[in-house]
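Per-entry structural report
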Amino acid sequence: MAVKDIMDALRSISLEEAGLTQNAAELVKDIKLIGDELDILIYLPKAGAEGIIKKKVEDALLEQGEVKRVNLKFTSSPPPQPRQEAPAGQPAFQRKRVMGVRHLLAVGSGKGGVGKSTVSANLSLALARLGHRVGLLDADIYGPSIPTMLGLKGERAEINERNRIMPKEKFGIKVLSIGFMLPSEDTPVIWRGPMLMKALTQFLFDVEWGELDYLILDLPPGTGDVQLTLAQNVEMSGAIVVTTPQDVALADVRKATSMFREVSIPVLGVIENMAYFVCPDSGKKYYIFGKGKTAQFAGAYDLKILGSIPIDPEVSERSDSGEPVVVGSPESDVSKAFFGIARLVAQELG
Ligand SMILES: Nc1ncnc2c1ncn2[C@@H]1O[C@H](COP(=O)(O)OP(=O)(O)OP(=O)(O)O)[C@@H](O)[C@H]1O
Ligand SMILES: [Mg+2]
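Each chain has its residues counted from 1, running along the sequence as written. By the order in which they are written, chains take letters starting at A while ligands take numbers starting at 1. Reporting in this predicted model follows two pLDDT cut-offs: at least 70 for local features of residues, and 80 or more for side-chain atom pairs to be given and counted; totals over whole chains, interfaces and linings ignore these cut-offs and use all residues. Hydrogens and water are ignored here; the side-chain numbers use all heavy atoms of the structure.

**A look at the site of ligand 1**
Nearness is judged by heavy atoms alone; a residue qualifies as near a molecule or strand once a single heavy atom is within 4 Å of it. By nearness alone, 18 residues border ligand 1, and Gly113, Lys116, Ser117, Thr118 and Pro310 come closest of all. At 2.9 Å from an oxygen atom of ligand 1 is found a main-chain nitrogen or oxygen belonging to Gly115. Accessible surface area values rest on a Shrake-Rupley calculation with a 1.4 Å probe, where residue burial reflects the displayed protein chains alone. Protein chains shield 78% of the accessible area of ligand 1, which is 630 Å² for the free molecule. To qualify as a helix, a DSSP run of H or I must reach at least 4 residues; to qualify as a strand, a run of E must reach at least 2; elements of each kind are numbered from the N terminus. Listing elements by their share of the shell around ligand 1, those giving two or more residues are helix H3 (116-129) and helix H9 (313-321). Under the rule applied, a polar contact is a pair of N or O atoms within 3.5 Å (in protein, one hydrogen donor and one hydrogen acceptor; residues adjacent in sequence only if both atoms are side-chain atoms).

Below you can see the structure in the form of structure tokens.
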């Protein structure tokens, strides 16, 4: 049980009986949990309410069974007031940093199947090969594909003695996928609202990431609950939007970009995937989905193009066999494109 769960429990305690309008959480001045023993300092706005507060708080916390002792003390000085309203132009929610992580970078897209996971995996590996310490978090609860791409299918997450999730190490990066937590990779997942939010935040904050320069977040497609939950609760350095040069995909980039911008996450730029095909016989470039559309679009939305990745059957073959192209074929054009993007990202974030 974390202090946050305790605060949630306290928040549901009404103190009307003691003539107070606050809930119990609002009176907490200090709180410390060591093992199963909780020290809690509570502000007493009004003499005479001690008995009721003590009983209600102790009952609520001991009932759950994980806290075995509650040492409750009162103080007559109030806790600092939480900020009521955010300053103009700032989001009203509080974002938390992931400890030990210098830059958290989300990889999103408006449309599914444009290559988000391919980009997340290869960009992570390219950053690692450039000497950075990198983690990759597969937050696609609807279809985690990172385990397959990195040859980690069937792996299960382990919890260490500090009750934290251990990421797997593969090809020099730390990897965690929601797939490692599901009974099997094909288990359908239906997570919504507070449960989803809890699972996701646990996935970021209760993980033994160690010290990382970059944590890359592979998001599910679209602009749904997962993206919003993360965007509102986690401090991010920026986001990258992946697209293909088709009109339908580009239209959705607009939605994804607006979503990130609305929650004040800087969009570092767009990655154009499946941009062209180089004929192996003639070396001639074919722009299968159209040429120049992404550039035109990016210009209109004041977005930078971080790189263009060609279509190459080797990309999907290697992803399916668990050894991404940056590892298995680092000299290929596709890998060169990924290294170029990795350098740009590192340069942008410093
Ligand atoms: N540049 C490329 N060349 C060839 N195949 C590619 C390329 N990029 C991605 N693919 C293939 O396209 C398919 C979709 O890619 P990927 O799974 O990365 O997309 P996604 O956006 O993560 O999808 P989802 O929305 O389902 O999460 C995969 O089979 C992948 O191997
Ligand atoms: Mg994916």
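Now that the structure has been shown, we can carry on.
**What about the sheet that holds strand E9 (residues 173-177)?**
Should DSSP find at least two bridges between two strands, the strands are regarded as paired. Strand order in the open sheet made by the eight strands is E8-E9-E5-E10-E4-E11-E12-E15, with mixed pairing throughout. The two strands at the open ends of the sheet, each matched to only one other strand, are strand E8 (168-170) and strand E15 (305-308). For this sheet the average axis-to-axis angle between neighbouring strands, irrespective of direction, equals 25 degrees. As judged from the four bridges shared by strand E5 (residues 134-138) and E9, these two strands associate in the parallel manner. Among the inter-strand pairings, Asp138 is bridged to a residue of E9, identified as Ser177. Here a residue-residue contact requires only that any non-hydrogen atoms of the pair lie within 4.5 Å. Axis definition: a line fit to C-alpha positions, over the contact stretch in the case of helices; interaxial angles, taken between N-to-C directions, run 0 to 180 degrees. Those strands touched by helix H8 (residues 293-300) are strand E11 (238-243), strand E12 (267-272) and E15, and its axis lies near 175 degrees from that of E15.

**Some thoughts on unusual backbone geometry**
Despite not being glycine, Phe171 shows a phi value in the positive range, around 50 degrees. One can find Phe171 in the loop between E8 and E9. A positive phi angle, near 60 degrees, is found at Ser264, a position not held by glycine. Position of Ser264 among the secondary structure elements: in the loop between helix H7 (247-262) and E12.

**A look at the domain arrangement of the protein chain**
In terms of domain boundaries, the protein chain breaks down into domain 1 (3-75) and domain 2 (101-349). If you average the C-alpha positions of domain 1 and of domain 2, the two centres end up 42 Å apart. Segmentation into domains, and thus their bounds, comes from an automatic or database assignment.

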